Amino acid sequence: KISSNNSSCEDGVNLINVEGAFSEIIIKDSFSDGLDVDFSKVEIDKIDIFSSKNDCVDFSAGNYKLNKLNLINCGDKGLSVGEKSFVQLNEIIVENSDIGIASKDSSVTRLENAYLKNLKTCVSAYNKKQEFYGGLVEAKNVECKNYAYKTDVDINSKIIIENEL
């Protein structure tokens, strides 16, 4: 288990080149990103993040298996997946964020259930850095309420939603 509260650092929790499993990560009131994980292979059962001024969760350059994410009051993105990452996710709740889920730069995000609320954009897939391709989101069940844009996808990327609730 990991917890962080009122972090004034760039990331509330930053994991780099880590392999293993976590039962729970709880982060409250982060100055920038809540959880930033790079170059890792991890499994996380539960992530709760409340109030991050930038992304609530940012995964880059790794392989990630996640069970349940509860992300509230994210300044930019609830879940950000980038730089050739693979994320397998069972359930995500994102409320009060600019973007709910973003997959970019040759990353694949596969999720079972997403409950998204009070967002500018629910699901986004795009190419940001020139050395990568676009992003892919494959989702089975997505519910999005109170949003400006349901999806935002560029020419290099793809979003597949099987069932909109």
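One numbering rule holds for all chains: residues counted from 1, following each sequence as written. Local features in this predicted model are restricted to residues whose pLDDT is 70 or higher, and side-chain atom pairs enter the listing and the counts only when it is 80 or higher, whereas totals over whole chains, interfaces and linings include all residues. Side-chain metrics in this entry use all non-hydrogen atoms of the structure; hydrogen atoms and water are not considered.

*Asks:* Explain the overall build of the protein to me, using residue names and the numbers behind them.
*Replies:* Helix and strand assignments follow DSSP, with helices taken as H or I runs no shorter than four residues and strands as E runs no shorter than two, numbered in order from the N terminus. Within the protein, the regular secondary structure consists of zero helices and eleven strands. Both definitions apply: the radius of gyration is a C-alpha atom measure, and the globule rule equals 2.2 Å times residues to the power 0.38. Whereas a compact globule of 165 residues would reach a radius of gyration of roughly 15 Å, the protein reaches 14 Å, a difference of no more than 12%. Counting across all 165 residues of the protein, residues that qualify as buried make up 50%. Positive: Lys, Arg. Negative: Asp, Glu. His and the chain ends are not part of the count. In this description, the location of a charge corresponds to atom NZ of lysine, CZ of arginine, CG of aspartate or CD of glutamate. Where the 19 positive side-chain charges of the protein centre and where its 27 negative ones centre are 3 Å apart. Per-residue accessibility, obtained with a 1.4 Å probe over protein chains only, is compared with the maximum for each type, and a residue is labelled buried under 20%, exposed over 50%, and partly exposed between these values.

*Asks:* Account for the state of the cysteines, naming residues and giving values.
*Replies:* Among covalent bonds in proteins, the disulfide is the one between the sulfur atoms of two cysteines. Cysteine sulfurs are considered disulfide-paired once they come within 2.5 Å of each other. All chains considered together, the criterion is met by two disulfides. A sulfur-sulfur separation of 2.1 Å characterises the disulfide bridge that pairs C56 with C74. On the sign convention where negative is left-handed, the bridge of C56 and C74, at about -100° about the S-S bond, is left-handed. Note that C56 is positioned in the loop between β5 (41-52) and β6 (57-60) and C74 in strand β7 (residues 63-82), a separation of 18 residues in sequence. Relative accessible area serves as the criterion here: at 0%, C56 is assigned to the buried category.

*Asks:* Report on the environment of G62, specifying residues and quantitative values.
*Replies:* For G62, the location among the structural elements is in the loop between β6 and β7. Counting along the chain gives 39 residues from G62 to I101, while the straight-line C-alpha distance between them is 17 Å. Note on definitions: a residue-residue contact is assigned when non-hydrogen atoms from the two residues lie within 4.5 Å. If sequence neighbours within four positions are ignored, G62 has contacts with S40, K84, S85 and F86.

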